[in-house]
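# Architecture and fold: a report
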Amino acid sequence: MNCQVNKKCGSCQYIEMKYDKQLQLKYEEYKDIYKDFHVKIYPIQGMKNPYGYRNKVIVAFNKKYEYGLYEENSHRIVPIQKCLLHDQETHDVLNRLQLLFKKNRISIYDSKRKRGLLKHVLIRRAVSTNQTLVVLVVNEPMFKGSKRFCQELTNKCPTVKSVVLNINSRQTSVVLSKNEKVLYGKGFIVDELCGLTFKISAQSFYQINHSQCEKLYQKVIDLLDVKKEDTILDTYCGIGTIGMVVSKYVDHVIGVELNKEAYKDALNNGKMNRIENIKFYNDDATEFMKKQVALNQKVDGVIMDPPRAGSTKEFIHAIQVLNPRYVIYVSCDPHTQVNDLKEFQKIGYSFKDVYLYDMFPHTQHVESIVLLSNVEK
Ligand code: SAH
């Protein structure tokens with residue numbers, strides 16, 4: 001398939017390459033990253049149909065009401081009428097928004113003159129329930145005629161279950177602010193993943209590739225080393241997905257997440273799925289681990305899924321004291337994961353295998369999972 005914007009948006013480095021070639025190339029590259037460990041690197045788990053997989057997009061509009069992504073290192077918008085990574089419904093909703101913005105003469109924010117209303121639009125899809133969340137990022141808390149706007153949008157696009165106004169008047173590259181107003185619906189959508197139901201609100205992290213995410217989580221389940229009365233920590237837990245998915249295999253799960261909205265979603269998700277052996281905390285993962293050390297908490301296993309920057313030395317040193325039997329390390333950036341793995345080796349944790357998942361086809365990224373075992377246990 002051909003990408004009509006010709007990679008100008010900078011998202012898909014490999015879009016012109018055949019998919020099996022991409023997997024091969026990424027495998028060679030990532031194999032190299034782990035070479036010092038002398039471990040087995042399994043072939044990358046790819047997708048059957050590697051298109052339309054992204055469930056989230058953030059676009060900006062230009063004065064002609066064309067929507068797109070910013071050209072790399074510039075303020076110019078590259079229109080993406082049909083991006084191969086998103087499903088048809090995402091485009092249908094964006095096209096409808098385009099008509100409505102035009103019709104309602106919504107002013108587009110001009111970053112040079114610092115004037116105008118609409119800065120970005122975020123679309124999030126719950127693919128298994130076919131629900132859509134629309135977030136309009138605006139410069140001021142004004143959206144005249146929002147009721148009629150939402151009515152027209154949802155009449156034409158019935159998958160849209162909620163519309164949220166995010167008011168962000170700051171001039172930074174951070175798209176969303178914490179200031180939100182729900183214009184329509186409940187402010188979140190609901191998706192099904194691994195047989196459970198999850199509420200996802202605008203600010204929360206949610207894996208962007210549904211089918212690959214299910215494979216990834218299944219691997220986490222396969223790697224669990226389960227004993228009676230075990231307590232497992234799910235650190236960097238987002239809306240609680242991994243912890244909840246593994247909760248039926250272990251006695252106690254404790255999740256920790258820094259983002260307050262994601263933490264609130266996690267609490268709700270636990271209740272909604274009637275999971276009683278899971279607790280969530282809203283804290284920085286490193287601080288939380290230090291507190292577990294101070295409390296002398298019994299920890300048998302740790303799952304960690306940090307953001308791209310990886311974890312911290314202090315987090316790993318807390319693990320040394322807590323002394324769990326194993327750590328399952330899920331990473332969206334193997335480059336930073338290897339630094340943390342070296343620290344783990346120093347404190348007596350080793351691993352034999354690396355499992356790679358293509359969560360982001362056509363891009364240079366992969367997700368990886370490693371099971372670290374305590375050599376003394
Ligand atoms: N395990 C989840 C989320 C992984 S993404 C899933 O599979 O969906 C990483 C998560 O770490 C995000 O939700 C982010 O908000 C959170 N995070 C980032 N920095 C953190 C920190 N210092 N302490 C705790 N959580 C953090």
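Here, every reference points to the structure presented above.
This write-up is about the structure you can find in this document.

A few words on the overall build of the protein. When you go through the protein residue by residue, the secondary structure sums to nine helices and 18 strands. Relative to the compact-globule value of 21 Å for 377 residues, the protein shows a C-alpha radius of gyration of 22 Å, a close match. Along the three orthogonal principal directions, the C-alpha set of the protein runs to about 65 × 45 × 35 Å. Going through the 377 residues of the protein one by one, you find that 56% of them count as buried. Residue pairs in contact within the protein that sit at least 24 positions apart in sequence constitute 68% of those at least 6 positions apart. On the protein, roughly 18100 Å² of surface is accessible, and the fraction owed to carbon and sulfur atoms is 48%. Within the protein, the 42 negative side-chain charges are centred at a point lying 8 Å from the centre of the 56 positive side-chain charges.

Pairing of strand β2 (residues 56–61) with strand β3 (residues 67–70), which is carried by two bridges, proceeds in the antiparallel orientation. Its bridge partner being in β3, Phe-61 is matched across the sheet by Tyr-67. Pairing geometry for β3 and strand β4 (residues 77–79), over three bridges, is antiparallel. Its bridge partner lying in β4, Gly-68 is registered against Pro-79. Adjacent in sequence and paired antiparallel, β3 and β4 are bridged by six residues, among which Asn-73 carries a positive phi angle near 50°.

Between the first and last C-alpha of helix α2 (residues 88–103) there are 23 Å, a value that for 16 residues agrees with the 22 Å anticipated at 1.5 Å per step. By the burial criterion, the buried members of α2 are Glu-89, Thr-90, His-91, Val-93, Leu-94, Leu-97, Gln-98, Leu-100 and Phe-101. Backbone geometry just after α2 places Arg-105 at a positive phi near 45°.

This part takes up the sheet that holds β2. Spatially, the seven strands line up as an open sheet ordered β4-β3-β2-β5-β6-β7-β8, and their pairing is mixed. Since the sheet does not close on itself, it has two edges, and those belong to β4 and β8 (180–184), each with one partner. Here the average twist between neighbouring strands, direction ignored, is 35°. Running at roughly 150° to strand β5 (residues 118–126), α2 makes contact with β2, β3, β5, β6 (131–138) and β7 (160–167) of the sheet.

Calculation notes
- Residues numbered from 1 in each chain as written.
- Predicted model: local features only at pLDDT ≥ 70, side-chain atom pairs only at ≥ 80, totals over all residues.
- Heavy atoms only, no water.
- Helix = DSSP H or I, 4+ residues; strand = E, 2+ residues; numbered from the N terminus.
- Rg over C-alpha atoms; globule rule 2.2 N^0.38 Å.
- Buried < 20%, exposed > 50% of the residue type's maximum accessible area, 1.4 Å probe, protein only.
- Contact = heavy atoms within 4.5 Å.
- Areas by Shrake-Rupley, 256 points an atom, 1.4 Å probe, with all protein chains shown as cover.
- Lys, Arg positive; Asp, Glu negative; His and termini not counted.
- Charge placed at Lys NZ, Arg CZ, Asp CG, Glu CD.
- Pairing = 2+ DSSP bridges.
- Expected span 1.5 Å × (residues − 1).
- Axes fitted to C-alpha atoms, helices over the stretch in contact; angles between N-to-C directions.

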